[in-house]
Amino acid sequence: MDPIRNPYAPGAGQRPPELAGRDTEVRQFEVVLERVAAGRPERSLVLSGLRGVGKTVLLNTLRSQAIKRAWGTGKIEARPDQSIRLPIAQAMHTAMRELGHRHRDNERVDQFSAVLKAFALRTAQNDRKGIRWHPPVDVVAAKGRADSGDLEMDLIELFADAADLAGDLSVGVGLFIDEMQDISADDLSALCAACHEISQQSAPLVVVGAGLPHLPAVLSASKSYSERLFRYVRVDRLAREACDRALMIPAETEDVYFEEDALDELYAQTDGYPYFVQAFAHATWDHAPASPITVKDVAVAGPEASAELTVGFFGSRYERATPAEREYMRAMAELGVGVADGSVPTAEVAGTLKRKPQSLSPARDGLIKKGLVFSAERGTVAFTVPHFGKFLRTRTA
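Residue positions within a chain follow its written sequence, with the count starting from 1. Totals for whole chains, interfaces and linings use every residue, but because this is a predicted model, local features are given only for residues with pLDDT of at least 70 and side-chain atom pairs only at 80 or more, for both listing and counting. Excluding hydrogens and water, the side-chain figures rest on all heavy atoms present in the structure.

A. Geometry of the overall build of the protein chain. A run of H or I in DSSP counts as a helix once it spans at least four residues, and a run of E counts as a strand once it spans at least two, with each numbered from the N terminus. Broken down by element type, the protein chain carries 16 helices and eight strands. Relative to the globule expectation of 21 Å for 397 residues, the C-alpha radius of gyration of the protein chain, 23 Å, shows essentially globular dimensions. With the principal axes as the frame, the protein chain shows a C-alpha extent of 65 × 60 × 35 Å. Split into buried and exposed, the 397 residues of the protein chain put 51% on the buried side. Calculation of accessible area relied on Shrake-Rupley with a 1.4 Å probe; when residues are assessed, cover is drawn exclusively from the protein chains displayed. When the accessible surface of the protein chain is summed, it comes to about 18,500 Å², and 49% of that surface belongs to carbon and sulfur atoms. Neither His nor the chain termini are counted; the positive set is Lys and Arg, and the negative set is Asp and Glu. By convention, the charge on Lys lies at NZ, on Arg at CZ, on Asp at CG and on Glu at CD. Here the protein chain contributes 48 positively and 54 negatively charged side chains, and the mean placements of these two sets differ by 5 Å. Computation of the radius of gyration draws on C-alpha atoms, with the globule rule given as 2.2 Å multiplied by the number of residues to the power 0.38. In this scheme, a residue with accessible area under 20% of its type's maximum is buried, one over 50% is exposed, and one in between is partly exposed, where area comes from a 1.4 Å probe on protein chains only.

B. Local environment of the packing of aromatic side chains. Working definition: a ring pair exists when centres of Phe, Tyr or Trp rings (six-membered ring for Trp) sit within 6.5 Å. Plane angles under 30 degrees give stacked, over 60 give edge-to-face, the rest tilted. Taken as a whole, this structure holds 13 aromatic pairs when the rule is applied. Aromatic pair Phe 313 and Phe 314: ring centres 5.4 Å apart, planes at 75°, arrangement edge-to-face. For Phe 314, a relative accessible area of 7% corresponds to the buried category. Look at Phe 314 and Phe 388: their rings are 6.0 Å apart centre to centre, the planes differ by 45°, and that puts the pair in the tilted class. Here Phe 314, found in helix α12 (residues 295-320), pairs with Phe 388, found in helix α16 (residues 388-396); they are 74 residues apart in sequence, far enough to count as distant. Each member of the pair Phe 314 and Phe 388 is classed as buried.

C. Inspection of the UniProt feature "domain: Cytochrome c" (unreviewed entry) in the protein chain at higher detail. UniProt positions are given in the numbering used here, feature names are shortened, and annotations may be inferred rather than shown by experiment. Taking the numbering used here, the UniProt-annotated feature "domain: Cytochrome c" (unreviewed entry) corresponds to residues 167-318. Annotated as 60% helix and 12% strand, the span residues 167-318 places its first and last C-alpha atoms 47 Å apart.

D. How the structure looks around helix α5 (residues 151-167). Helix length check: α5, at 17 residues, gives a terminal C-alpha distance of 24 Å against a target of 24 Å (1.5 Å per residue), a fit within 8%. Among the 17 residues that make up α5, 13 are buried, leaving the element largely enclosed by the rest of the structure. Two to three positions downstream of the cap, the backbone nitrogen of Glu 152 sits 3.1 Å from a side-chain oxygen, assigning the N-cap of α5 to Asp 150. Each residue after the first adds 1.5 Å to the expected span of a helix. Polar contacts here mean pairs of N or O atoms no more than 3.5 Å apart (in protein, one a potential hydrogen donor and the other a potential acceptor; neighbouring residues in sequence count only if both atoms are side-chain atoms).

E. Molecular detail of the sheet that holds strand β6 (residues 344-345). Strand pairing requires that DSSP identify at least two bridges connecting the strands. One open sheet holds the three strands; their spatial order is β6-β8-β7, and the pairing between them is antiparallel. Only two strands of the sheet have a single neighbouring strand rather than two, namely β6 and β7 (373-374). Of the strand pairs in this sheet, β6 and strand β8 (residues 380-383) are connected by two bridges, and their pairing is antiparallel. Each bridged residue has a counterpart across the sheet, and for Val 344 the counterpart in β8 is Val 381.

F. Examining a negative patch on the surface more closely. A patch consists of residues whose relative accessible area exceeds 30% and which take part in no salt bridge; residues with like charges are grouped when within 9 Å of each other, and nonpolar side chains (Val, Leu, Ile, Met, Phe, Trp, Tyr) when within 5 Å. Take a side-chain nitrogen of Lys or Arg and a carboxyl oxygen of Asp or Glu: if they are within 4 Å of each other, that pair is a salt bridge. The grouping of Asp 105, Glu 107, Asp 110 and Asp 138 at the surface amounts to a negative patch. In this structure, Glu 107 sits in helix α4 (residues 106-121).

G. The arrangement of the nonpolar core in detail. Among the nonpolar cores identified, the biggest contains 126 residues, and Ile 88, Phe 159 and Leu 191 are the most heavily contacted of them. By definition, residues are in contact when any of their heavy atoms lie within 4.5 Å. If sequence neighbours within four positions are ignored, Phe 159 has contacts with Ile 88, Met 92, Leu 175, Leu 191, Ala 194, Ile 198 and Leu 205. To form a nonpolar core, buried Ala, Val, Leu, Ile, Met, Phe, Trp, Tyr and Cys residues must be joined to one another through side-chain atoms within 4.5 Å.

H. Fine view of unusual backbone geometry. The peptide bond linking Ser 291 to Pro 292 adopts the cis configuration, its omega dihedral lying at 0°. Of note, Pro 292 is situated in the loop between α11 (274-287) and α12. Of note, the phi angle at Ser 170 is positive, near 60°, even though the residue is not glycine. One can find Ser 170 in the loop between α5 and β3 (173-178). The exposure class assigned to Ser 170 is exposed, which follows from its relative accessible area of 55%. Despite not being glycine, Lys 354 shows a phi value in the positive range, around 55°. You can see Lys 354 is positioned in the loop between α14 (346-353) and α15 (361-369).

I. Representation of the environment of Ser 361 in the model. Positionally, Ser 361 belongs in helix α15. By relative accessible area, which is 28% here, Ser 361 ends up partly exposed. Once the C-alpha coordinates of Ser 361 and Met 248 are considered, the two residues, 113 residues apart in sequence, prove to be 46 Å apart.

J. Structural context of the sheet that holds strand β4 (residues 205-211). If you walk across this open sheet you meet the five strands as β2-β3-β4-β1-β5, and the pairing is parallel. Each edge of the open sheet is held by one strand with a lone partner, namely β2 (72-77) and β5 (230-234). Going across the sheet, the axis of each strand differs from the next one's by a mean of 15°, ignoring polarity. Across five bridges, β3 lies against β4 in parallel orientation. Paired with Leu 175 across the two strands is Val 207, which belongs to β4. An axis is simply a line fitted to the C-alpha atoms; with a helix, the fit covers only the stretch in contact. Between two such axes, the angle follows the N-to-C directions and lies from 0 to 180 degrees. Sheet strands touched by helix α2 (residues 55-68): β1 (44-48), β2, β3 and β4. Its angle to β2, the strand with the most contacts, is close to 160°.

K. Inspection of the confidence of the model for the protein chain at higher detail. Every residue is assigned a pLDDT by the predictor, reflecting its confidence on a scale from 0 to 100. On average, the protein chain scores 93 in pLDDT, and the residues at 70 or more come to 99%. When pLDDT is averaged over each element of the protein chain, β3 comes out on top at 98 and α16 at the bottom at 86.

L. Representation of the packing of helix α9 (residues 240-252) against α11. For the pair α9 and α11, the least separation of the axes is 11 Å and the interaxial angle reads 40°. The way α9 lies across α11 gives a crossing that is right-handed. Of the residues in α11, those touching α9 at Cys 243, Ala 246, Leu 247 and Ala 251 are Val 277, Gln 278, Ala 281 and Trp 285. Each residue gets one label: Ala, Val, Leu, Ile, Met, Phe, Trp, Tyr, Cys and Pro are nonpolar, Asp, Glu, Lys and Arg are charged, and the others, such as Gly, are polar. Broken down by class, the residue content of the contact of α9 with α11 amounts to seven nonpolar, one polar and no charged. Rotating anticlockwise by less than a right angle from the far helix to the near helix defines a left-handed crossing, while the corresponding clockwise rotation defines a right-handed one.

Here's what the structure looks like:
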């Protein structure tokens, strides 16, 4: 079939043509937007799950919902060892640009810009590396507001002023944070405290974060009340019905159909993980000679899709690891055979490698920092990428 008409999108964070299996989350966020704008109390939101399940896609979709409701929005991607002060300043500047041109009181807008500038200018010099953005230059930085240098206090004042400005327009502000687990412990504590204070004021501002499966545990360790501060949503692989929708609806827009056994085989090969679904569907479309797509077409395209995942999705991550870290991951892969969630005890990893657990701490910590493994519970580790253990066992063999 014509590859130009191929409707599938196996890109990182790229929205698929049919966002199947996420209807509940989308509807619930619609309620959040309406309640917050009406001054009703609501919790901020945290999305968590493995890589490739569509967290970033869902995060972007929720942001689009807020934009359609005329909210001011901004988005950041957290990075290890980088303060969130300047990225949040950038995000809030974006949000205020969306609101400022509709606000009738230019003086109020300038006042917030002055506070935003004061907040941004408190960024430490080493946290400015690689960031070219500068705070608004056409206003003088405010004094005595969001400029104390204490991130928690400054965030509270910045968020409060942003919410007040949005409230003038009967809308709210949404801050969307990807890779939230990479925020430092101190910064995360400050962010949680600011969200807590803002929620107590019923101010129209919400934070929506997305991260790896251990993000709820990271937040809980940061602030004990975070368990009540956020609504947690586990983003997982697609159920069979949702997977079929993700495959069939885009194809039907091009007058192409799947035979039932082809759908069976695609689900078996992808396990319902959204990124895999898009990758295998994309390859199958290009290989299929005509509609309907058959199980034979899936079988022919399978090796190409698998090879692409091996190089791009799995291989690129494997190459980032040091030899010691690769050895650690291979031991995890051997121990994870048949384990439903892929979680294995660190003591057993040490036993397999015939090493003392303490001597493997640098390798484990390095893998966590690189986002290749995570620890949801003390004394256990698991891969952040679905089927990564299978990839490693194949590579070893």
